[in-house]
Amino acid sequence: MAVWDDLVGQDRVASQLTAAARDADALVTAAAAVGGGRPASQDAADASPASAALSTSSASPAPSDSPASSKMTHAWLFTGPPGSGRAAAARAFAAALQCVSPDRALGGAPGCGFCEGCHTTLIGTHADVEVVRTDLLSIGVKETRDLVRRAQLSPAGGRWQVIVLEDADRLTEGAGNVLLKAVEEPAPRTVWLLCAPSLEDVLPTIRSRCRLLTLRTPPVDAVADLLVRRDGIEPGLAASAARATQGHIDRARRLATDERARARRAAVLKLPLRIDDVGGCLKAAQELIDAAAEDAKQVAEETDVKETEELRAALGAAAGTGGRLPRGTAGAMKELQDRQKRRATRTQRDSLDLALTDLAGFYRDVLALQLGSRTALANTDVQDALERIAAGSRPERTLRRIEAVRACREALDRNVAPLLAVEAMTMALRAG
């Protein structure tokens, strides 16, 4: 199975990345020939002509006879709506860059999916591929400096040093400025793969130095086929989950495999029928907040205890000492506790945002019914409720309700107290 097989509905992007991987393979092969078969890391340190060609390549077109005409470059920016597979595309490209399949010598494209380079990259154990994702609200300066130091190293044994930053939109302004220097003056044989929802989520100075790839929302049928083919999900359930999430791959997989996720979604889709009075609005808002808090609590139960025990053991809180930590280690425990609190905050906000997305999808279906659109409904499992709301209001009221959901999401992004933001939304939904 080629590394591109999981890029659902992204044929154009896969074609571009395949071409770039071919050129990247040619650069490394040329460097090895110049270096007389020496290790890739030694070739990189010697700044071979191939690595020089890579560093001069840019996001702008160039004459076909210049080094910059290569389809490979040192920094890439993957953008696209949530669920489009930005991170999957970046990881697939990283695997293709590390591919060592013998078929390449016979004209085969890098990215076989079976060789050691592809396999270890895809499962996350390749020594020269660093995949960075955060469970916090932002990525700070300290973490980014560590990445930049890593990027200056030569490949330990692979063909490239690859840094995949899955949450480039979460870089703070200071962290973005730290990253800019590394992207502006890349080390030989280092490739940056940044992922963000849109161009506006990345500093202009960074995005101007990256080659842009824009992914689209995958077709619903293609997502359902992926769930059946890769995850072994029953076709009917896969189709229902893909339709409900409108092509969001990760959410569709979770909805198809997690009974709790289906129960939470069902509860959210009942909210429009429960806001007939002020008391109903306030109660519905509180229940949404409580459900998000419960999600955060479940994540904490799964990870916090394990992390705490591992750190205590590493700091020397051995059995038989009453669990007492050695002197001078309280700061490390405090840092872990602060990180866990920030993670709980993000988990709660992500869960709440997911509920709001489902709610916006409900009203989108209501609007489609009111306008007589032929657009396929996402929430066919609650069609009775859709028809009831559609018959009891007009399209302009539905549009105002969709706007209220959007305003709530924006308020949460601005750190408005979640309960206040959701209460304001439910009151606006009632008013219509």
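> Quick one: what's the story with the side chain of Arg86, residue by residue and with numbers?
Counting through the fold element by element, Arg86 comes out in helix H4 (residues 86-97). Look at Arg86: it is buried, it has no salt bridge, and the nearest opposite charge is Asp169 at 5.6 Å. Once residues lying within four places of it in the same chain are set aside, the contact partners of Arg86 are Phe78, Thr79, Gly80, Pro81, Cys195, Ala196, Pro197 and Leu215.

> Can you lay out the pattern of salt bridges for me, pointing to particular residues and giving the numbers?
Counting across every chain of the model gives 24 salt bridges. Two residues, Arg260 and Asp258, come together in a salt bridge whose shortest N-O distance is 3.8 Å. Overall, Arg260 belongs to the partly exposed group, its relative accessible area being 41%. Its salt-bridge partner being Asp381, residue Arg265 comes within 2.9 Å of it at the nearest N-O pair. Of this pair, Arg265 sits in helix H12 (residues 259-269) while Asp381 sits in the loop between helix H14 (330-371) and helix H15 (383-391), and the two are 116 residues apart along the sequence. A relative accessible area of 8% places Arg265 in the buried class.

> Residues and numbers for the sheet that holds strand E5 (residues 211-214), please.
Read across the open sheet, the five strands follow the order E2-E3-E4-E1-E5; overall the sheet is parallel. The open sheet has two free edges, formed respectively by strand E2 (129-132) and E5, since each of these has just one partner strand. Each adjacent strand pair in this sheet contributes to an overall mean axis angle of 15°, direction not counted. Strand direction decides the pairing type here: strand E1 (residues 75-79) and strand E4 (residues 190-196), joined by five bridges, are parallel. Note on E4: the bridge partner recorded for Ala75 is Trp192. Packed onto the sheet, helix H1 (residues 11-34) meets E1 and E5 and runs at close to 150° relative to E5.

> Quick rundown of the pairing of E4? Include the residues and the values.
Most of E4 sits out of view: seven of its seven residues are buried. Alternating positions in E4 separate into two faces, Thr190, Trp192, Leu194 and Ala196 on one and Val191, Leu193 and Cys195 on the other, with burial throughout. In the sheet, strand E3 (residues 161-165) pairs with E4 via five bridges, with the strands oriented parallel. By the bridge assignment for E4, Ile163 is matched with Trp192.

> Would you mind going over the nonpolar core in detail, with residue names and values included?
Residues Trp4, Met72, Trp76, Phe78, Phe93 and Leu193 are the most contacted members of the largest nonpolar core, which totals 35 residues. Broken down by secondary-structure element, the contributors of at least two residues to this core are H1, E1, H4, E3 and E4. If near-sequence neighbours (up to four positions away) are discounted, Phe93 is found in contact with Trp4, Leu17, Ala20, Ala21, Met72, Trp76, Phe78 and Leu193. Counting 32 residues, the second-largest nonpolar core is a separate cluster that includes Leu269, Ala285, Ala385 and Val405.

> Describe in detail the layout of surface pockets, supporting the description with residues and values.
Estimated volume of the second largest pocket: approximately 540 Å³. Along the walls of the second largest pocket sit 17 residues, with Leu136, Lys142, Glu143, Arg339 and Arg342 positioned nearest its centre. Secondary-structure elements contributing two or more residues to the lining of the second largest pocket are helix H6 (141-151) and H14. When grouped by side-chain class, the residues that make up the lining of the second largest pocket number six nonpolar, three polar and eight charged.

> Account for the side chain of Gln161, with residues named and values stated.
Secondary-structure assignment places Gln161 in strand E3. Within the local environment of Gln161, its side chain forms a polar contact with the side chain of Arg150, the two groups lying 2.9 Å apart. Those residues in contact with Gln161, other than ones at most four positions away along the chain, are Asp128, Arg150, Leu153, Ser154, Pro155, Arg189, Thr190 and Val191.

> An account of the confidence of the model for the protein is needed here, citing residue identities and associated values.
Should pLDDT be low for a region, the predicted coordinates there are not to be read in detail. Taken residue by residue, the protein gives an average pLDDT of 84. The fraction at 70 or more is 88%. For residues 37-53, every residue scores under 50 in pLDDT, and the model assigns this stretch 26 contacts once sequence neighbours within four places are set aside. Low pLDDT, under 50, characterises residues 55-68; the predicted model gives this stretch 17 contacts beyond four residues in sequence or across chains.

> Mind laying out the pairing of E2, listing which residues take part and the relevant values?
Pairing of E2 with E3 involves four bridges; the strand directions are parallel. By the bridge assignment for E3, Val129 is matched with Val162. In this fold, E2 hands off to H6, which returns the chain to E3; that crossover is right-handed.

> Talk me through the packing of aromatic side chains; I want residue IDs and the actual numbers.
Taken as a whole, this structure holds two aromatic pairs when the rule is applied. Here the aromatic rings of Trp76 and Phe93 are separated by 5.1 Å at their centres, their planes lie at 70°, and the arrangement is edge-to-face. Within this pair, whereas Trp76 is found in strand E1, its partner Phe93 is found in helix H4, the two being separated by 17 residues in sequence. Residue classification places Trp76 among the buried positions, given a relative accessible area of 2%. By relative accessible area, Phe93 is classed as buried at 0%. On the basis of an interplanar angle of 85° and a centroid distance of 5.5 Å, the ring pair of Phe362 and Tyr363 is categorised as edge-to-face.

> Would you mind going over the environment of Ala20 in detail, with residue names and values included?
Within the element layout of this structure, Ala20 appears in helix H1. It is 9.4 Å that separates the C-alpha atoms of Ala20 and Ala96, two residues lying 76 residues apart in sequence.

> Lay out the environment of Ile206 in plain terms, naming residues and giving numbers.
Tracing the backbone through its elements, the reader meets Ile206 in helix H8 (residues 204-207). The spatial distance from the C-alpha of Ile206 to the C-alpha of Leu77 is 9.2 Å, given a sequence separation of 129 residues. Residues in contact with Ile206, not counting those within four places in the same chain, are Gly176, Leu179, Leu180 and Leu194.

> How would you explain unusual backbone geometry if you had to name every residue and give the values?
Located in the positive-phi region is Arg189, a residue other than glycine, with phi close to 65°. On the secondary structure map, Arg189 appears in the loop between helix H7 (173-184) and E4. On the basis of relative accessibility, which here comes to 2%, the residue Arg189 falls in the buried class. A positive phi angle, close to 55°, is found at Gln246, a residue other than glycine. The residue Gln246 is located in the loop between helix H10 (235-244) and helix H11 (249-257) in this model.

Cut-offs and rules
Residues numbered from 1 in each chain as written. Predicted model: local features only at pLDDT ≥ 70, side-chain atom pairs only at ≥ 80, totals over all residues. Heavy atoms only, no water. Helix = DSSP H or I, 4+ residues; strand = E, 2+ residues; numbered from the N terminus. Buried < 20%, exposed > 50% of the residue type's maximum accessible area, 1.4 Å probe, protein only. Lys, Arg positive; Asp, Glu negative; His and termini not counted. Salt bridge = Lys/Arg side-chain N within 4 Å of Asp/Glu carboxyl O. Contact = heavy atoms within 4.5 Å. Pairing = 2+ DSSP bridges. Axes fitted to C-alpha atoms, helices over the stretch in contact; angles between N-to-C directions. Core = buried A, V, L, I, M, F, W, Y, C linked by side-chain atoms within 4.5 Å. 1 Å grid on protein atoms, 1.4 Å probe; cavity = no way out; pocket = protein on both sides within 12 Å on 5 of 7 lines; lining within 4 Å. Points joined across faces, edges and corners; volume = space filled by probe spheres on them. Nonpolar A, V, L, I, M, F, W, Y, C, P; charged D, E, K, R; others polar. Polar contact = N/O pair within 3.5 Å; in protein donor to acceptor, adjacent residues only side chain to side chain. pLDDT = per-residue confidence, 0-100. Right-handed = clockwise from strand over helix to strand, strands pointing away. Phe/Tyr/Trp six-rings, centres within 6.5 Å; stacked < 30°, edge-to-face > 60°.

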